[in-house]
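Here's the letter readout for the chains.
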Amino acid sequence: MTVISRDTLFAYVLRHGDDCLILSQRLGDLISRAPELEEDIALANIALDILGIGRLLLQYAGELEAEERSEDDLAFGRTEREFTNLLLVETPNGDFAHTMVRQYLFDAYQDLLWNRLVDSSDETIAGIAGKARKESRYHLRHSRSWVVRLGDGTAESNRRMQQALESVWRFTGEMFIDDEIDRAAAEAGFGVLPSSLSDAWNHEVTTTIETATLSRPDDSSIRTGGRDGRHSESIGPLLAEMQHMYRSFPGASW
Amino acid sequence: MVTTAWDVAAAVPDPEIPVLDIAEMGILRSVVVDETGHVIVTITPTYSGCPAMKAIETTIVDELKRAGFGDVDVRTQLAPAWTTDWMTDDARRKLEREGIAPPARSGSQDDILCPRCASPDTDLISPFGSTACKSLMVCSSCGEPFHHFKTL
Ligand SMILES: [Zn+2]
């Protein structure tokens, strides 16, 4: 394996790990704050699954590096500009409509991603994807059912779901943009081109939006930058909270 | 020696469902003892975020050391991914006795039976329960809620 492809592999694994880490941190914030008890438990479970996959990816990313940073070093020791997650996952929780729309649009993407990455030429990626896809199926079924239930609910729930959809939609385009890392990863056989997931995602999402009696926002404005470390202002407070202990008390344990 | 080390590791309970041990759960994949006495235990995680995995790892090491095995390594193997099909029939019966409906065999279309009255007239309340592996259901015949071990 050449040095260049190892760096690419690191960056590829890291970006998917970052998506999981940041989203799980957002979801963790909702524990004890969900609208009903069952949903509180559901969101905590989903957060834990996603964090588990994120940890596996960050551990693997660390092994690929010359410095061999640990999963904790990568999660808590990096600055904002070094995070390569999608902008979608860092958007604030907002109301429950916003949380669920974000979750659904991302679950639909991740479920497709894991189902493709099980065929990765990299054994570890394939193994993690094999594990992840068994869980993402449950996540998707859950968030999809909320989108339908609230979209096709009362006039008020429909209004708020539509509002959430309009506000999150501009962050979905970024999921399907191929950059240099993606192209190199796909060419080497260990990754997939994000653009190749777009048709299936659109089919899934359009069908659900129709069932939910919502309307699909237009694709005119797409916000990007997450993969290059250019984030929205909302990630700052998230990282500050997530990294506070590790940075205030380096090397602490209990 | 191999059987002994296996027996010790196999007896470690699943902290979230203590009536089951990790062999019955299908978590324990292999135990290898080499000629120097070095033990390598391979386990497969159930759910990726399952907080029990760390506890299981620690207990395996502690129990093997207590049984006289000095040098123990626990390795986690992701592929092939854990499936509820690896749970033994014995494990399924024990779950049922605990009031937890066991997972369906993959591909099976059978109804989930109420662990109390065996009625097939059951409904899902929430796909997510008190632990990652369980969903919450209710029986329409006897009216009691119960846990179902999710098919994975
Ligand atoms: Zn019953």
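To be clear, the structure that these remarks concern was listed above.
In this report, the structure presented in the accompanying data block is examined. (Residues numbered from 1 in each chain as written. Chains lettered and ligands numbered in written order. Predicted model: local features only at pLDDT ≥ 70, side-chain atom pairs only at ≥ 80, totals over all residues. Heavy atoms only, no water.)

### Quick look at the sheet that holds strand 3 (residues 28-33) of chain B
In a beta sheet, neighbouring strands are held together by backbone hydrogen bonds and run either parallel or antiparallel to one another.
Residue and element names in this part refer to chain B.
Then comes step 1: Spatially, the three strands line up as an open sheet ordered 3-4-5, and their pairing is mixed. Of all strands in the sheet, those with a lone pairing partner are strand 3 and strand 5 (72-76), marking the two edges. Taken over all neighbouring pairs, the strand axes of this sheet differ in orientation by 15° on average, direction set aside.
Then comes step 2: Alignment of strand 3 against strand 4 (residues 39-43), held across five bridges, turns out to be antiparallel. Counted as the bridge partner of Leu28 is Ile43 from strand 4.
Then comes step 3: Against the sheet, helix 2 (residues 52-66) engages strand 4 and strand 5, with an angle of about 155° to strand 5. (Pairing = 2+ DSSP bridges. Helix = DSSP H or I, 4+ residues; strand = E, 2+ residues; numbered from the N terminus. Axes fitted to C-alpha atoms, helices over the stretch in contact; angles between N-to-C directions. Contact = heavy atoms within 4.5 Å.)

### Details of the interface of chain A and chain B
Then comes step 1: The interface is formed by 19 residues belonging to chain A together with 22 residues belonging to chain B.
Then comes step 2: Buried area between chain A and chain B, summed over both chains or domains, comes out near 1,700 Å², and the portion from carbon and sulfur atoms is 68%.
Then comes step 3: Where chain A packs against chain B, one counts zero salt bridges.
Then comes step 4: The interface formed by chain A and chain B includes seven residue pairs in polar contact (both at pLDDT 80 or more).
Then comes step 5: At the level of secondary structure, the elements contributing two or more residues to the side of chain A that touches chain B comprise helix 2 (37-64) and helix 6 (123-151) of chain A.
Then comes step 6: The leading source of residues in the side of chain A that touches chain B is helix 2 of chain A, at ten residues.
Then comes step 7: Class assignment of the residues belonging to the side of chain A that touches chain B gives a composition of eight nonpolar, six polar and five charged. (Buried area = accessible area lost by both parts, 1.4 Å probe. Salt bridge = Lys/Arg side-chain N within 4 Å of Asp/Glu carboxyl O. Polar contact = N/O pair within 3.5 Å; in protein donor to acceptor, adjacent residues only side chain to side chain. Nonpolar A, V, L, I, M, F, W, Y, C, P; charged D, E, K, R; others polar.)

### Some words on the nonpolar core
Residue and element names in this part refer to chain B.
Then comes step 1: Of all hydrophobic cores here, the largest spans 111 residues; its most connected members are Val41 and Ile60.
Then comes step 2: Both domain 1 (5-76) and domain 2 (87-149) contribute no fewer than three residues apiece to this core.
Then comes step 3: Contacts of Ile60, omitting those with residues within four sequence positions, involve Ala9, Val12, Ile22, Val41, Ile43 and Val74.
Then comes step 4: Core analysis: the second largest hydrophobic core is formed by five residues, Ala101, Cys114, Met137 and Phe146 among them. (Core = buried A, V, L, I, M, F, W, Y, C linked by side-chain atoms within 4.5 Å. Buried < 20%, exposed > 50% of the residue type's maximum accessible area, 1.4 Å probe, protein only. Domains from an automatic or database assignment.)

### Some remarks on the environment of Glu98(B)
Then comes step 1: Relative to the elements of secondary structure, Glu98(B) occurs in the loop between helix 3 (89-97) and strand 6 (100-101).
Then comes step 2: Taking relative accessible area as the criterion, Glu98(B) reaches 48% and is therefore assigned partly exposed.

### Regarding the sheet that holds strand 7 (residues 122-126) of chain B
Residues and elements named next belong to chain B.
Then comes step 1: As summarised here, the arrangement of the four strands in space is 6-9-8-7, forming an open sheet in which the pairing is mixed. Each edge of the open sheet is held by one strand with a lone partner, namely strand 6 and strand 7.
Then comes step 2: Summarising the sheet, strand 8 (residues 134-139) and strand 9 (residues 145-149) pair through five bridges and their orientation is antiparallel. Its bridge partner being in strand 9, Met137 is matched across the sheet by Phe146.

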